Amino acid sequence: QVQLVESGGGLVQAGGSLRLSCAASGFTFSAYVMAWFRQAPGKEREFVGVIRRSGGSTFYRESVKGRFTISRDNAKSTVYLQMDSLKPEDTAVYYCAAGPIAIITSTQYDYWGQGTQVTVSS
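Below: a short report on this structure.

What counts as what
- Residues numbered from 1 in each chain as written.
- Predicted model: local features only at pLDDT ≥ 70, side-chain atom pairs only at ≥ 80, totals over all residues.
- Heavy atoms only, no water.
- Buried < 20%, exposed > 50% of the residue type's maximum accessible area, 1.4 Å probe, protein only.
- Helix = DSSP H or I, 4+ residues; strand = E, 2+ residues; numbered from the N terminus.
- Pairing = 2+ DSSP bridges.
- Disulfide = S-S within 2.5 Å.
- Phe/Tyr/Trp six-rings, centres within 6.5 Å; stacked < 30°, edge-to-face > 60°.
- Lys NZ or Arg CZ within 6 Å of the ring centre and 35° of its normal.
- Contact = heavy atoms within 4.5 Å.
- Lys, Arg positive; Asp, Glu negative; His and termini not counted.
- Salt bridge = Lys/Arg side-chain N within 4 Å of Asp/Glu carboxyl O.
- Polar contact = N/O pair within 3.5 Å; in protein donor to acceptor, adjacent residues only side chain to side chain.

## A closer look at the pairing of strand β1 (residues 3-7)
Here is step 1: Side chains L4 and E6 project from β1 onto a buried face, and the interleaved Q3, V5 and S7 project onto a face without burial.
Here is step 2: Sheet topology places β1 next to strand β3 (residues 18-25); five bridges connect them, and they run antiparallel. Following the sheet pairing, L4 is matched in β3 by A24.

Set out below in structure tokens:
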């Protein structure tokens, strides 16, 4: 069956870095765009960034541009989110998602992981 399993979350001080991974199985990974979303307590889930099938193109929300980098390894069916210069406002549960097109709307994604908690202390 389809699975997306995130890992790499944790507690980090402001200014620090984390690298999230999302391992996919049960579908043709290279045929899907991969995105990261996040949800903070009491807030709606929001788009973080997306990477196209080949990995040659990425798009990010404005608040993470220059700090976050998405990459993918189609041979390993894994997508990564490198997060640098973390801020307390980045605290959230981070989810990876797979979908047919690169879009910021969460409802357009077919598969979701269970999420991994990222907490940034000030």
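## Focus: the state of the cysteines
Here is step 1: Under the defined criterion, the tally for this structure stands at one disulfide.
Here is step 2: One disulfide bridge connects C22 with C96, the sulfur atoms lying 2.0 Å from each other. Disulfide C22 to C96: torsion about the S-S bond roughly 55°, handedness right-handed. Remark: C96 occurs in strand β9 (residues 92-99) and C22 occurs in strand β3; sequence separation between them is 74 residues. Here C22 matches C96 in class, with each residue buried.

## So, unusual backbone geometry
Here is step 1: The phi torsion at S77 lies on the positive side, around 50°, for a residue other than glycine.
Here is step 2: Positionally, S77 belongs in the loop between β7 (68-73) and β8 (78-83).
Here is step 3: A positive phi is found at S85, a non-glycine position, where the angle reads about 50°.
Here is step 4: With respect to the helices and strands, S85 occurs in the loop between β8 and β9.

## Here we look at the packing of aromatic side chains
Here is step 1: Within this structure, the stated rule accounts for nine aromatic pairs.
Here is step 2: Look at Y32 and Y111: their rings are 5.6 Å apart centre to centre, the planes differ by 45°, and that puts the pair in the tilted class. Remark: Y111 occurs in strand β10 (residues 111-112) and Y32 occurs in the loop between β3 and β4 (33-39); sequence separation between them is 79 residues.
Here is step 3: The class of Y111 is partly exposed, set by a relative accessible area of 24%.
Here is step 4: Ring geometry for F37 and Y109: centres 5.4 Å apart, planes at 75°, overall edge-to-face. Of this pair, F37 sits in strand β4 while Y109 sits in the loop between β9 and β10, placing them 72 residues apart in sequence.
Here is step 5: Residue classification places Y109 among the buried positions, given a relative accessible area of 5%.
Here is step 6: Seen from the ring of W112, R45 lies directly overhead, with NZ or CZ sitting 4.7 Å from the centre.

## Let's talk about the side chain of S77
Here is step 1: Taking relative accessible area as the criterion, S77 reaches 19% and is therefore assigned buried.
Here is step 2: Not counting the four nearest positions on each side in its chain, S77 is found in contact with C22, A23, A24 and F29.

## With respect to the side chain of E6
Here is step 1: Of note, E6 is situated in strand β1.
Here is step 2: Of the side chains with opposite charge, R45 comes closest to the buried, unpaired E6, at an N-O distance of 7.7 Å.
Here is step 3: A polar contact of 2.9 Å, which involves the side chain of E6, links it to the backbone nitrogen of C96.
Here is step 4: A polar atom in the side chain of E6 sits 2.8 Å from the backbone nitrogen of G115.
Here is step 5: For E6, the residues in contact, after removing those within four places along its chain, are S21, C22, W36, Y94, Y95, C96, G113, Q114, G115 and T116.

Treat this as a map of the structure, not an account of what it does.
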